[in-house]
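# Inside the fold
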Amino acid sequence: MQDGLLLVVSGPSGAGKSTVCSRLLLEMPRMNLSVSVTTRCPRSAEKEGDSYFFRTHDQFEEMVEKDAFLEYARVYDNCYGTPKEYVFDQIAQGKDVLLEIEMQGALQVKRRFPQGVFIFVVPPTLSDLKHRIIKRGSETPESLMRRFSNAYHELSYLDEYHYLVVNDSVESAVEKIKAIIVAERCRMDRNAKLRKKLLDEGADTWA
Ligand code: ADP
Ligand code: 5GP
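First things first, this report covers the structure right here in the doc.

About the cut-offs
- Position labels on residues start from 1 in each chain and follow its written sequence.
- Here every chain gets a letter starting at A, and every ligand a number starting at 1, in the order they are written.
- Reporting of local features is limited, given that this is a predicted model, to residues whose pLDDT is at least 70; pairs of side-chain atoms are given and counted only at 80 or more, and all residues count toward the totals for whole chains, interfaces and linings.
- Calculated side-chain values reflect all of the structure's heavy atoms, with hydrogen atoms and water omitted.
- If DSSP finds at least two bridges between two strands, the strands pair.
- Helix and strand definitions here come from DSSP, where helices need a minimum of 4 consecutive H or I residues and strands a minimum of 2 consecutive E residues; each element is numbered from the N-terminal end.
- Axis definition: a line fitted to C-alpha atoms, over the contacting stretch in the case of helices. Angles run 0 to 180 degrees between N-to-C directions.
- The contact definition used throughout considers only heavy atoms, calling two residues in contact when any of these lie within 4.5 Å.
- Stacked, tilted and edge-to-face are the three classes applied to pairs of Phe, Tyr and Trp rings, where Trp contributes its six-membered ring and a pair requires centres within 6.5 Å; stacked means planes under 30 degrees apart, edge-to-face means over 60, and tilted covers the rest.
- Only protein chains enter the accessibility calculation, which uses a 1.4 Å probe. A residue is then buried if its area is under 20% of the maximum for its type, exposed if over 50%, and partly exposed in between.
- Here, proximity means that at least one heavy atom of the residue falls within 4 Å of the molecule or strand.
- In protein, a polar contact requires one atom able to donate a hydrogen and another able to accept it; more generally it is a pair of N or O atoms within 3.5 Å, and residues adjacent in sequence count only if both atoms are side-chain atoms.
- Computed with a 1.4 Å probe, the accessible areas rest on the Shrake-Rupley method; for each residue, only the protein chains presented here act as cover.
- Residue classes follow a fixed rule: Ala, Val, Leu, Ile, Met, Phe, Trp, Tyr, Cys and Pro count as nonpolar, while Asp, Glu, Lys and Arg count as charged, and any other residue, Gly among them, counts as polar.

Once that is clear, we can look at the sheet that holds strand E7 (residues 96–100). Read from one edge to the other, the open sheet built from five strands follows the order E2-E7-E1-E8-E9, with strand pairing classed as parallel. At either margin of the open sheet sits one strand with a lone partner, and together these are strand E2 (31–33) and strand E9 (163–166). Strand-to-strand twist of the sheet, defined as the mean angle between neighbouring strand axes without regard to direction, takes the value 25 degrees. Both strand E1 (residues 6–10) and strand E8 (residues 117–122) contribute to a ladder of four bridges, which runs parallel. Its bridge partner being in E8, Ser-10 is matched across the sheet by Phe-120.

Rendered as structure tokens:
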């Protein structure tokens, strides 16, 4: 059995990461979302353990001290982290895991787990980004301005990622990520056991 894939999806706020990832998860039953821990307050429709585990700053610090995170970062005055144990358990069971995290955290994951698949999601233009964040209606005017000005800075991380997925329509972005997954599963370095088995069998039979 192959290990599961660790998919890391990042992109500027408003690019459509959550929308695309939710659709992807519906279509990929073998893939599980890693639910992050955050110190930010729940938004209206968010339930504990569904989109996030909501914790106090002290509780978060305690988890950092216990080395419970694969990565963590401070984003817009709040902390976010990926619980390590869940991710590695799932991968060892051959299940794919999806992390939807920002770039500082993604870089930490890349250093600790270079076999991960790193995908950067963008809207077709930065003007689309602006309209999408406003349409979502989740931000105060101050946090909107901060997210807009950060978006350009975040593009400087583009070259750290393996794949660039333009979220023109949700359907096409999901199809592109599904194609990436199929290609990644076929990579020679992910099929070392099968490769060896074929070569051994060939050597026994025809050498
Ligand atoms: P992110 O998670 O990257 O911050 P969201 O998934 O919350 O972004 O999407 C931001 C807004 O853009 C939401 O209102 C969402 O419905 C909308 N959106 C997402 N993808 C598309 C798309 N392909 N075309 C138009 N609007 C989109
Ligand atoms: P939001 O508050 O809008 O849900 O998320 C803000 C940002 O934090 C998004 O870019 C999101 O991808 C990122 N994020 C969510 N969970 C994590 C995490 O566990 N680690 C890191 N580094 N970023 C995260």
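Further notes follow.
As a further point, take the sheet that holds strand E3 (residues 36–38). The strand order across the open sheet built from four strands is E4-E3-E6-E5, with neighbouring strands paired in mixed fashion. In this open sheet, the two strands that pair with only one neighbour each are strand E4 (52–54) and strand E5 (69–75). Neighbour-to-neighbour, the strand axes of the sheet open up by a mean angle of 25 degrees, direction not taken into account. Sheet topology note: the E3/E4 ladder contains three bridges and is parallel. For Thr-38, the partnering residue across the bridge sits in E4 and is Phe-54. Each of E3, E5 and strand E6 (78–83) is contacted by helix H2 (residues 57–65), which is oriented at about 140 degrees to E5, the strand it contacts most.

Counted under the stated rule, the structure contains eight aromatic pairs. Aromatic side chains Phe-88 and Phe-113 sit 5.7 Å apart centroid to centroid with 45 degrees between the ring planes, which places their arrangement in the tilted category. A residue pair is termed long-range when its members are at least 10 positions apart, and Phe-88 in helix H3 (residues 84–92) and Phe-113 in the loop between helix H4 (103–112) and E8 qualify at 25 residues. Look at Phe-88 and you get partly exposed, because its relative accessible area is 33%. Under the relative-accessibility criterion, Phe-113 is labelled buried at 10%. Each member of the aromatic cluster is reached from another via a ring pair, and the members are Tyr-52, Phe-54 and Tyr-80.

What follows deals with the site of ligand 1. Looking at ligand 1, there are 16 residues lining it, with Gly-14, Lys-17, Ser-18, Thr-19 and Arg-136 nearest. Side-chain polar atom of Ser-18 to an oxygen atom of ligand 1: 2.8 Å apart, as the coordinates give it. For ligand 1, whose unbound accessible area comes to 570 Å², protein coverage reaches 81%. Breaking the shell around ligand 1 down by element, the ones donating at least two residues are helix H1 (17–27) and helix H5 (126–136). Looking at the shell around ligand 1 residue by residue, the classes come out as three nonpolar, seven polar and six charged.

The subject of this paragraph is the site of ligand 2. Close contacts around ligand 2 come from 15 residues, with Ser-36, Arg-40, Tyr-52, Tyr-80 and Glu-102 the closest. Arg-43 is positioned such that a nitrogen or oxygen atom in its side chain is 2.8 Å from an oxygen atom of ligand 2. Interatomic distance of 2.7 Å between a side-chain N/O atom of Glu-71 and a nitrogen atom of ligand 2. If ligand 2 stood free it would expose 510 Å²; the protein chains cover 93% of that surface. Only E5 and E6 provide two or more residues apiece to the shell around ligand 2. For the shell around ligand 2, the leading source of residues is E6, giving three residues.

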